[in-house]
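What the coordinates show
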Amino acid sequence: MTELEIGQEVELEFGGKAQVLSVIGSGGQGTVYLVRFNGQKWALKWYDIDKMKKPKEFLKNLRSNIADGPPDNKFLWPKYLTKEAEDGTFGYIMDLKPEGFDSFVDILNTYKLEVDPLTGRAVKKDVKFNSLTAMITAVINIVNSFRLLHRAGKSYQDLNDGGFFINVNTGAVLVCDCDNIAPDGSNFGIGGKPGYMAPEVVRGITQPNVQTDKYSLAVVLFKLLFRGDPMEGEKVVRDVCLTESSELKHYGQNAVFVYDPNNASNRPVRGIHDNVIKFWRIYPDYIKDAFIRSFTTGISDPTKRIIENEWQKLFIRLRSEIIMCGCGRTNFASMFVQPNEKTFKCPKCGMEFVTLGFSNRSYRMPLFLGCKFYECEINPESEEFMKVAGELVENKLKPGVIGIKNCSDRKWRAKMPDGVFYDIAPGKGFPVWQGLEIDFGQIKAQI
Amino acid sequence: MNNENIAEQGVNEAINTETSAQIENAAPVANVSEAAADDMLDFDDNPLSATGVSRKSLVIFFLIDTSGSMKGKKMGELNTVMEELIPEIRKVGEADTEVKVAVLTFSTDVRWMYSNPIPIEEFEWARLRASGVTSLGAALKELNARMSRNGFLNSPSLSFAPVIFLMTDGYPSDDYKAGLKELQANSWYKFGLKAALGIGSEANDNVLAEFTGSADTVVHAYSGGQLAQMIKIIAVTSSQIGSKSMTLSDDTGHEIGEEDVFAAKQKLLGQQIQELVGKTETDDVPFDTGW
């Protein structure tokens, strides 16, 4: 029973039946169907066990994953197993992808195809992040979800562009295809996709594990930010035809990063890799350095790969360095002129931005109307990178007066021009002035 | 109240000090920042404006016999299934693969449906008609001529090896061996994924196996239902395998070398076609009976 029929009912392990409504899609291991169960719609993944190497072990692992539950709500996690059919085939149901999320594949393509139900014609629709903050937030969410997964002692194994859904308006992320997730060190037969797989997996000398996940994660992040393949440059393009052996060479035996500082043999080619060339000019050095490390020393030495926590810190910093200028230009602080160490200036319109320095970090945060900082940035014990702690706002009662609003749930203290620190309760604010100092508790900040 | 007064005072002071700071700084740094500013603005610096990732391309070649013997039910079935097939192949192309289709028909003459491979998103099937003899040799020569960097495989970026799918219902009426010999010297053909479908009992599986290089990638359809099924199986499976990077098994236990991956996709295609063909039913009326 490798395929299910529309209308067919499938019994679930703990009772109840799911009725097949339609096909959602099919992949290497089976098919995903839209089903109705308990009056609600779900997705049912049904396996083609002939294509699986170790179906029994796979099922056992799936069962323990269901028992453990997801590391957090960013995972479209298996919910209930079906009963095993007589021939041993099985499946599981999970939540449907909510509205408003696009696949990573569509984001990389910058469009998706929507079929007009009347004409049957496919129409292209743009898929683009609507703000730079949303894009960097998506990156932080991806990194964080793998951090949580790895902390739970599991590895994703088959990390590739089919593994995520992203909300391009908010940067919210859903990790899907969670059925190959396994305790670190185990593998139930999943191969992978060259380009995303760590070179040692491509070469067949290591099975997927947490370290190889880290390599794949770096590829996913590179593709999302630089919109190209980190290993596809001149050396690869010269081969013209990508045969099996050239893939083994370029992604396994002799993988060379396109911006390897010590090996210029595989630079991006203008006309083919324009995205990578352009974005490499835009991102600040600390981001580029992290990718250089991942794809040079990290190729041969898995322990040199960037750990998720490090990525998370780098991208939280990058998010805090986004400047939305009044002239409409939005970019990272590194793409603004720095007339002095405490000021950024827009190269296009000349507008200047004062900055806030925090006691726990060396870089400064540019201030502009609407900019935010987050709980994890003012409280060393907090990991809440989505919870806004403060925002630069205009005083509603005094137009033109700009200040910082305390959006956190703790009291801060801020120094006013009279030299005295005053309590700033949650929901209250204080003006930005040249001598401003803020005491968040363990972390302090000043203009 | 007291607090608010202080606040207002503070802002004024902030504005004042900022303005004076700007004036002070303006003169000495002007040159430096102008040069830096030019550097930042001499290209499209919008971090959100990206083009789609550069995609690898895959061309699927359909070589279709339109000789007189294909007339009637066979051609009707073929036209219908090809129309239905296009949307299915559309789903195959992944983020990094652009799938294109080229159709070469052969009867007495050899003819391309379109003068260039067409992206699958824009491809529309032009219904074919049957008449004439089976010039397979001429078709293979024509394929060889176009299957080059200067011909149909001219994508500036990387290409996967093409998929080449031959469908015929009769024995070639010309010297197919001469055509095949030319084609066999073509590297795109060598690395390409080749599959063939024999329609009805006249089609010679040995000729087809010579073309694909192995019997595993040759299947036979004896009825209308089978024809539709086989075309779908072969076209979808081969474009799925062709448009992806090689799938790797991770239980080799030793480092993978050239010999492990050589023609891995063609072998996989053979396996999958045989598996799928084995599963299909064979109970409708044969092509050869009931005429």
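Criteria and thresholds
Residues numbered from 1 in each chain as written. Chains lettered and ligands numbered in written order. Predicted model: local features only at pLDDT ≥ 70, side-chain atom pairs only at ≥ 80, totals over all residues. Helix = DSSP H or I, 4+ residues; strand = E, 2+ residues; numbered from the N terminus. Rg over C-alpha atoms; globule rule 2.2 N^0.38 Å. Buried ≥ 20, exposed ≤ 12 C-beta atoms within 10 Å, placed from the backbone. Contact = placed C-beta atoms within 7 Å. Expected span 1.5 Å × (residues − 1). Pairing = 2+ DSSP bridges. Core = buried A, V, L, I, M, F, W, Y, C linked by C-beta atoms within 7 Å. pLDDT = per-residue confidence, 0-100. Axes fitted to C-alpha atoms, helices over the stretch in contact; angles between N-to-C directions. Parallel < 35°, antiparallel > 145°, perpendicular 65-115°, else oblique. Left-handed = near helix turned anticlockwise from the far one by under 90°. Nonpolar A, V, L, I, M, F, W, Y, C, P; charged D, E, K, R; others polar. Arc of directions from axis to C-beta.

A short note on the overall build of chain A
Scanning chain A for helices and strands turns up twelve helices and 28 strands. Here the C-alpha radius of gyration of chain A, 25 Å, is about what a compact globule of 447 residues would show, namely 22 Å. By its C-alpha atoms, chain A is 80 × 55 × 50 Å across when sized along the principal axes. Put simply, chain A has 447 residues, and 48% of those count as buried. Sequence-distant contacts, at least 24 apart, represent 52% of the contacts inside chain A between residues at least 6 apart.

A few points about the overall build of chain B
A tally of helices and strands in chain B yields nine helices and eight strands. Within the span of chain B, comprising 291 residues, buried residues form 44% of the whole. Of all intrachain contacts in chain B linking residues separated by at least 6 positions in sequence, the fraction that spans at least 24 positions is 81%.

Let's talk about helix H5 (residues 210-226) of chain A
Residues and elements named next belong to chain A. End to end, H5 covers 24 Å across 17 residues, agreeing with the expected 24 Å (1.5 Å per residue, within 8%). For H5, a buried count of 17 out of 17 residues is recorded, marking the element as mostly surrounded by other parts of the structure. Remark: Arg227 follows H5 within two positions and exhibits a positive phi of approximately 55°.

Concerning the sheet that holds strand S11 (residues 164-166) of chain A
All names here are of chain A. Reading across the sheet, the three strands line up as S7-S11-S12 and stay open at both edges, with antiparallel pairing between neighbours. Unpaired on one side and paired on the other, strand S7 (102-103) and strand S12 (173-175) mark the two borders of the sheet. As paired strands, S11 and S12 are joined by three bridges and run antiparallel to one another. Bridge pairing in S12 links Phe164 to Val175.

Digging into the environment of B:Tyr171
Residues and elements named next belong to chain B. Along the chain, Tyr171 turns up in the loop between strand S6 (163-168) and helix H4 (176-184). Judged by local crowding, Tyr171 falls into the exposed class, with 12 C-beta atoms found within 10 Å. Here the alpha-carbon distance between Tyr171 and Val207, two residues 36 residues apart in the chain, equals 8.0 Å. Once residues within four sequence positions are removed from consideration, Tyr171 is found in contact with Glu202, Asn204 and Val207.

Observations regarding the nonpolar core
Ranked by size, the top nonpolar core spans 188 residues in total, and within it A:Val139, B:Phe61, B:Leu63, B:Phe165 and B:Ile234 carry the most contacts. Sorting elements by how many residues they give to this core places H5(A) first, with ten residues. Setting aside chain neighbours within four positions, we find B:Phe61 in contact with B:Ala102, B:Leu104, B:Leu143, B:Pro162, B:Val163, B:Ile164 and B:Phe165.

Examining the confidence of the model for chain B
Residues and elements named next belong to chain B. On average, residues of chain B carry a pLDDT of 78, and 78% of them reach 70 or more. The secondary-structure element of chain B with the lowest mean pLDDT is helix H1 (residues 2-41), recorded at 45, while strand S3 (residues 110-112) shows the highest, at 93. Counted against residues more than four places away or in other chains, residues 1-32, with its pLDDT under 50, gives 30 contacts.

Topic: the packing of helix H3 (residues 132-151) of chain A against helix H11 (residues 308-320) of chain A
Residue and element names in this part refer to chain A. Two numbers describe how H3 lies on H11: the axes approach to 9 Å, and their chain directions differ by 160°. Taken together, the axis directions place H3 and H11 in an arrangement best described as roughly antiparallel. The chirality of how H3 crosses H11 is left-handed. The segment H3 lies against H11, with Thr133, Ile136, Thr137, Val139, Ile140, Val143, Asn144, Phe146, Arg147 and His150 engaging Glu308, Asn309, Trp311, Gln312, Phe315, Ile316, Leu318 and Arg319. Looking at side-chain class alone, the contact of H3 with H11 contains nine nonpolar, six polar and three charged residues.

Focus on the sheet that holds strand S23 (residues 402-406) of chain A
Residues and elements named next belong to chain A. Here four strands make up an open sheet; going across it, the order is S21-S22-S23-S26 and the pairing antiparallel. The strands lining the two open edges of the sheet, one partner per strand, are strand S21 (372-374) and strand S26 (429-431). Pairwise comparison of adjacent strand axes, ignoring direction, gives a mean angle of 20° for this sheet. Alignment of S23 against S26, held across three bridges, turns out to be antiparallel. Considered in S26, the bridge of Gly403 is made with Pro431.

Side note on helix H9 (residues 285-295) of chain A
All names here are of chain A. Within H9, the full set of buried residues consists of Ile287, Ala290, Phe291, Ser294 and Phe295. Considered in projection along H9, the buried side chains sweep an arc of 120° and stay on one side of the axis. Buried positions along H9 lie against H5, helix H10 (297-300) and H11.

Regarding unusual backbone geometry
Residue and element names in this part refer to chain A. Positive phi, normally seen in glycine, also occurs at Asn38, with a value near 55°. The residue Asn38 is located in the loop between strand S3 (30-37) and strand S4 (40-47) in this model. Using a count of 9 C-beta atoms within 10 Å as the deciding quantity, one classes Asn38 as exposed. Of note, Thr110 is a non-glycine position whose phi angle comes to about 70°, a positive value. Along the polypeptide, Thr110 turns up in the loop between helix H2 (104-109) and strand S8 (111-115).

Description of the pairing of strand S17 (residues 337-340) of chain A
All names here are of chain A. Of the pairings in the sheet, the one linking S17 to strand S18 (residues 343-345) comprises two bridges and is antiparallel in character. Residue pairing in the sheet places Asn340 in a bridge with Thr343 of S18. Count of turn residues in the S17/S18 antiparallel hairpin: two residues.

Quick look at the pairing of strand S24 (residues 412-415) of chain A
Residues and elements named next belong to chain A. Two elements, S24 and strand S25 (residues 421-424), share four bridges in a ladder whose sense is antiparallel. Bridging from a neighbouring strand, Trp412 pairs with Ile424 of S25. Two successive antiparallel strands, S24 and S25, enclose a turn made up of five residues, where Gly419 displays a positive phi of approximately 85°. Two strands pair when backbone bridges link them, and S24 and strand S27 (residues 437-439) are joined in this way by two bridges, in the antiparallel orientation. Residue pairing in the sheet places Ala414 in a bridge with Ile438 of S27.

What about the environment of B:Lys100?
All names here are of chain B. As for its position among the elements, Lys100 is in strand S2 (residues 97-106). You can call Lys100 buried: it has 23 C-beta atoms within 10 Å. The sequence separation of Lys100 and Arg90 amounts to ten residues, and the corresponding C-alpha distance is 9.6 Å. Beyond its immediate sequence surroundings of up to four residues, Lys100 is in contact with Ser57, Val59, Pro117, Ile118, Pro119 and Ile120.

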